[in-house]
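# Structural overview for review
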Amino acid sequence: MTQQIIREAPAPEPLEGQQANSFFYVPAPNEPILNVNNIQGNILGGFNKDYQALLFLEIENPHAFKHWLKSQINFIATASEVIAFNRLFKSARQRRGREGTVKATWVNVAFSFEGLKKLTNDADSFKDESFKAGLAARAADLNDPVDKNGKPIGWVVGGPDNGKVDVVFIIASDERADLLAEISRILESIVAFTDGKGNAKSSGARITFLEEGANLPAPLSGHEHFGNLDGISQPGIRGRVADNPKDLLTPRQNPENKNQGKPGQDLLWPGEFVFGYEGQDNDAKKLEHSKGQVVSAGLHWANDGSYLVFRRLRQDVYKFHKFLNDIAADLDTDARKVSAKLIGRWPSGAPTVRTPEEDAPSLGNDDNANNDFEFNGDDPPDGKFFKNDVVPPSKDATGLRCPFIAHTRKTYPRNDKTPGGGGPGPEEIDRSEVTTQTHRLLRRGIPYGPVSPSTPNNPLQDANFVDRGLHFLAYQTSIVEQFEFVTKFWANNPNFSEEAAKGHEFEGKLTLGHDPIIGQSENNKPNGDRTRKFFIHLEDDQNQPQTKELTAPEDWVIPTGGGYFFAPSISALKEVLTK
């Protein structure tokens, strides 16, 4: 087992009778009871396993496939099962000081629009146009390359030239042997399906792609291939898992703010991630009063389901680390500091808003502190250019501690001023935060491929090509307004957020630019220039402030596959998709 895993998915308070002195119990009688026996487990509970595989199928014979799918329903993990396990896992780990006491293997399933059309006559009633178009058709709008590495025609999965992806199974386990055993069970059932009497039957499915992912080995446990701790900032979700008003999906661990789970983790209404529940009110004036209407996918049977976005993102670790090393030499600083300014966090997960000039592993490892900060507002400097170990709530309206272009700030601007704030005025900050929270994602990704020997301070190129990267997986109830909005209007937009950067110019320029990690140039036409530009701020090794516009000549993260899917409820599997 690995030595460190960050498990940021919401996990309710311990089972009755267990001690949980770190939790501040806040009854929530007005929050909805979530149908956790009907919702698939990875959506709200989060599998959070060391090993995970994605299995993609094409439905060749819908009638036969329905019979096969019906035989798999009892293997699909529910939110109630996953939540109960996560409670037990955390309790056992806390008492024993190690992992491995309990383990489980989970399976979930989701369908593309084309797959649903083969199984039901009303799939056209889904309202999300991006879901119905599919990721490959939307790739150009996301600034994916059209004639270089990353174009859909060359994808390894989900592209137009490598087989249909009507169905995806997510298989996850604490042990690789158990993962492989479950994969083998599913594969065998596909190729050698039999009915209840032992008669050979067609499963109606064809296997189109299978790939494993895994938590990286120590010392990179919980990190992605570039070397940064991943999965830290997840939304808190309102809602109860039972009649008990204290039996909450996201425990309230901040006695200073009853509208947060962990400190800095704002609570959102569950309709942002699961259909059939209230979502956020985009027109609210304040976040604490932002309960909206029930969110519908357009079909009643889609309730308790969620859209799933999958992106297979290849990471060129050497090129990224070489860029960091070259910039560090130019600015007379450490390559890890350059990385921290581009990410917004140090490798440990410590946020640069709270510790801008040096890593603080104890802060990064404390999930009741590593997310406890905002952006709008300022803490005064203390002797040096910036002060470290800032007492929360830390703030950084100037973009000096955490540059406006940093990945964590571009993809989740918190209370920064944004176009959603409606312009200058007393309500701009509150309105900006309200609208920002309508674009959140529940991320469930995991790395794939072997670890690179490269580090920021010692970039090393593989002798031969090695495919490594991230299986990006995220749940939401609007692909248009959540995944695609974040990608198009935040990460890829070199002018986001002008509203936040105005008044903090450097030599007359707004210190903005692309997201340096996942942002893609708008020049995605044939023979287009993929160059991206962005500003950073830091202190050099002589404690002198440096502000510089950097140029990245190529992409370090390259899309190599993906798809848009819908993860239905257990009842939808039983009563709609197998009938």
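The preceding data block contains the structure.
None of these values were measured; they are calculated from a predicted model.

## Details of the pattern of salt bridges
Overall, the coordinates contain 33 salt bridges when judged by the stated rule. Here Asp 144 and Arg 311 are joined by a salt bridge, their closest N and O atoms 2.8 Å apart. You can see Asp 144 sitting in the loop between helix 6 (135-138) and strand 3 (167-173) and its partner Arg 311 sitting in strand 9 (residues 306-315), a full 167 residues away along the chain. Its salt-bridge partner being Arg 312, residue Asp 467 comes within 2.6 Å of it at the nearest N-O pair. Here Asp 467 is found in the loop between strand 11 (446-448) and strand 12 (469-476), whereas its partner Arg 312 is found in strand 9, with 155 residues between them in sequence. Arg 312 sits in the buried class, given a relative accessible area of 2%.

## Re unusual backbone geometry
Residue Ala 218 is joined to Pro 219 through a cis peptide bond whose omega torsion reads 10 degrees. Relative to the helices and strands, Pro 219 resides in the loop between strand 4 (205-214) and strand 5 (236-237). Phe 496 connects to Ser 497 through a cis peptide bond whose omega is -5 degrees. Relative to the helices and strands, Ser 497 resides in the loop between helix 13 (483-491) and helix 14 (498-501).

## Description of helix 2 (residues 62-72)
Of the residues making up helix 2, those classed as buried are Ala 64, Phe 65, Lys 66, Trp 68, Leu 69 and Gln 72. Between a side-chain oxygen at the N-terminus of helix 2 and the backbone nitrogen of His 63 the separation is 3.2 Å; the capping residue is Asn 61.

## Considering the pairing of strand 14 (residues 545-552)
Of the strand pairs in this sheet, strand 13 (residues 532-539) and strand 14 are connected by eight bridges, and their pairing is antiparallel. Considered in strand 14, the bridge of Phe 535 is made with Glu 549. Between strand 13 and strand 14, which follow one another and run antiparallel, lie five residues, and Asn 543 among them has a positive phi close to 65 degrees.

## A closer look at the environment of Gln 437
Tracing the chain through its elements places Gln 437 in the loop between helix 12 (428-436) and strand 10 (442-443). Take Gln 437: its relative accessible area is 0%, and that puts it in the buried class. Spatially, the C-alpha atoms of Gln 437 and Lys 341 are 24 Å apart, while their sequence positions differ by 96 residues. Beyond its immediate sequence surroundings of up to four residues, Gln 437 is in contact with Asp 266, Leu 268, Glu 272, Gln 280, Leu 287 and Tyr 412.

## Examining the packing of aromatic side chains
The final tally for this structure, using the stated rule, is 27 aromatic pairs. Aromatic pair Phe 56 and Phe 565: ring centres 6.2 Å apart, planes at 45 degrees, arrangement tilted. Taken together, the residues span a long stretch of sequence, with Phe 56 in strand 1 (residues 51-59) and Phe 565 in strand 15 (residues 557-567) at a distance of 509 residues. Summarising the burial analysis for this pair, Phe 56 and Phe 565 share the class buried. Pairing Phe 483 with Tyr 564 gives two aromatic rings, centres 6.2 Å apart and planes at 75 degrees, and the pair type is edge-to-face. Note that Phe 483 is positioned in helix 13 and Tyr 564 in strand 15, a separation of 81 residues in sequence.

## Let's talk about the layout of surface pockets
Size it by volume and the second largest pocket reaches roughly 470 Å³. Class assignment of the residues belonging to the lining of the second largest pocket gives a composition of six nonpolar, six polar and 10 charged.

Reading the values: the criteria
Residues numbered from 1 in each chain as written. Predicted model: local features only at pLDDT ≥ 70, side-chain atom pairs only at ≥ 80, totals over all residues. Heavy atoms only, no water. Salt bridge = Lys/Arg side-chain N within 4 Å of Asp/Glu carboxyl O. Helix = DSSP H or I, 4+ residues; strand = E, 2+ residues; numbered from the N terminus. Buried < 20%, exposed > 50% of the residue type's maximum accessible area, 1.4 Å probe, protein only. Polar contact = N/O pair within 3.5 Å; in protein donor to acceptor, adjacent residues only side chain to side chain. Pairing = 2+ DSSP bridges. Contact = heavy atoms within 4.5 Å. Phe/Tyr/Trp six-rings, centres within 6.5 Å; stacked < 30°, edge-to-face > 60°. 1 Å grid on protein atoms, 1.4 Å probe; cavity = no way out; pocket = protein on both sides within 12 Å on 5 of 7 lines; lining within 4 Å. Points joined across faces, edges and corners; volume = space filled by probe spheres on them. Nonpolar A, V, L, I, M, F, W, Y, C, P; charged D, E, K, R; others polar.

These results come straight from atomic positions and should not be treated as a statement about function.
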